[in-house]
Amino acid sequence: MAKKQPGTLWEGFTPEESSLLSYIDHLGNNGWARNGQTEEVMPIVLSDCDAAGLSLARIKDAMATIGYDKHSLHQLDRWESKRTTGKFGP
């Protein structure tokens, strides 16, 4: 389940960034735990974010504003490690 309430806008983000954030929120239904879906999709969507100029720090800030906790946000760090190094981070 996504945490962002329907109709809520991603303030301060472009339409492309907002779309990426909404998809990341959708994938966060399990706190971005490592599973088959996230294993396949998270490195790709984080690469798309990087290409769009959307930093991991801004992603985490946006996710924190809609209620993701510290543990869940740490999972995003781990997925970024997977994307950049090929290894799921600590």
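That block above? That's the structure.
First things first, this report covers the structure right here in the doc. Being a predicted model, the structure only gives us computed values, none of them experimental.

Turning to the pattern of salt bridges, a few remarks are in order. Applying the stated rule across the entire model yields 6 salt bridges. With a shortest N-O distance of 2.9 Å, Lys60 and Asp77 are connected by a salt bridge. Note that Lys60 is positioned in helix 3 (residues 56-65) and Asp77 in helix 4 (residues 70-85), a separation of 17 residues in sequence. Judged by relative accessible area, which is 29%, Asp77 ranks as partly exposed.

This part is about the nonpolar core. Among the nonpolar cores identified, the biggest contains 23 residues, and Leu21, Ile24, Trp32, Met42, Ile59, Met63 and Leu76 are the most heavily contacted of them. At the level of elements, helix 1 (15-27), helix 2 (36-51), helix 3 and helix 4 are the ones that each hand at least two residues to this core. If one sorts the elements of this core by residue count, helix 2 sits on top with 5 residues. With residues up to four places along the chain from it excluded, the contact list for Met63 reads Trp10, Leu21, Ile24, Asp25, Trp32, Tyr68, Leu73 and Leu76.

For the pair helix 3 and helix 4, interaxial distance at closest approach is 10 Å and the crossing angle is 155 degrees. Comparing the axis directions of helix 3 and helix 4 gives the class roughly antiparallel. Considering the relative orientation of helix 3 and helix 4, their crossing is right-handed. For the pair helix 3 and helix 4, contact is made by Leu56, Ile59, Lys60, Met63 and Ala64 and by Leu73, Leu76, Asp77 and Glu80, respectively.

Turning our eyes to something else, we now look at the side chain of Gln75. Assignment of secondary structure puts Gln75 in helix 4. Taking relative accessible area as the criterion, Gln75 reaches 6% and is therefore assigned buried. Contact partners of Gln75, with chain neighbours within four places excluded, come to Gly31, Trp32 and Phe88.

In the structure shown here, the tally under the stated rule is 2 aromatic pairs. Their ring planes at 65 degrees and their centres at 4.7 Å tell us that Trp79 and Phe88 sit as a pair that is edge-to-face. According to the relative accessible area criterion, Phe88 is buried, its value standing at 17%.

Calculation criteria
Residues numbered from 1 in each chain as written. Predicted model: local features only at pLDDT ≥ 70, side-chain atom pairs only at ≥ 80, totals over all residues. Heavy atoms only, no water. Salt bridge = Lys/Arg side-chain N within 4 Å of Asp/Glu carboxyl O. Helix = DSSP H or I, 4+ residues; strand = E, 2+ residues; numbered from the N terminus. Buried < 20%, exposed > 50% of the residue type's maximum accessible area, 1.4 Å probe, protein only. Core = buried A, V, L, I, M, F, W, Y, C linked by side-chain atoms within 4.5 Å. Contact = heavy atoms within 4.5 Å. Axes fitted to C-alpha atoms, helices over the stretch in contact; angles between N-to-C directions. Parallel < 35°, antiparallel > 145°, perpendicular 65-115°, else oblique. Left-handed = near helix turned anticlockwise from the far one by under 90°. Phe/Tyr/Trp six-rings, centres within 6.5 Å; stacked < 30°, edge-to-face > 60°.

Everything listed here is a matter of coordinates, which is why it stays silent on function.
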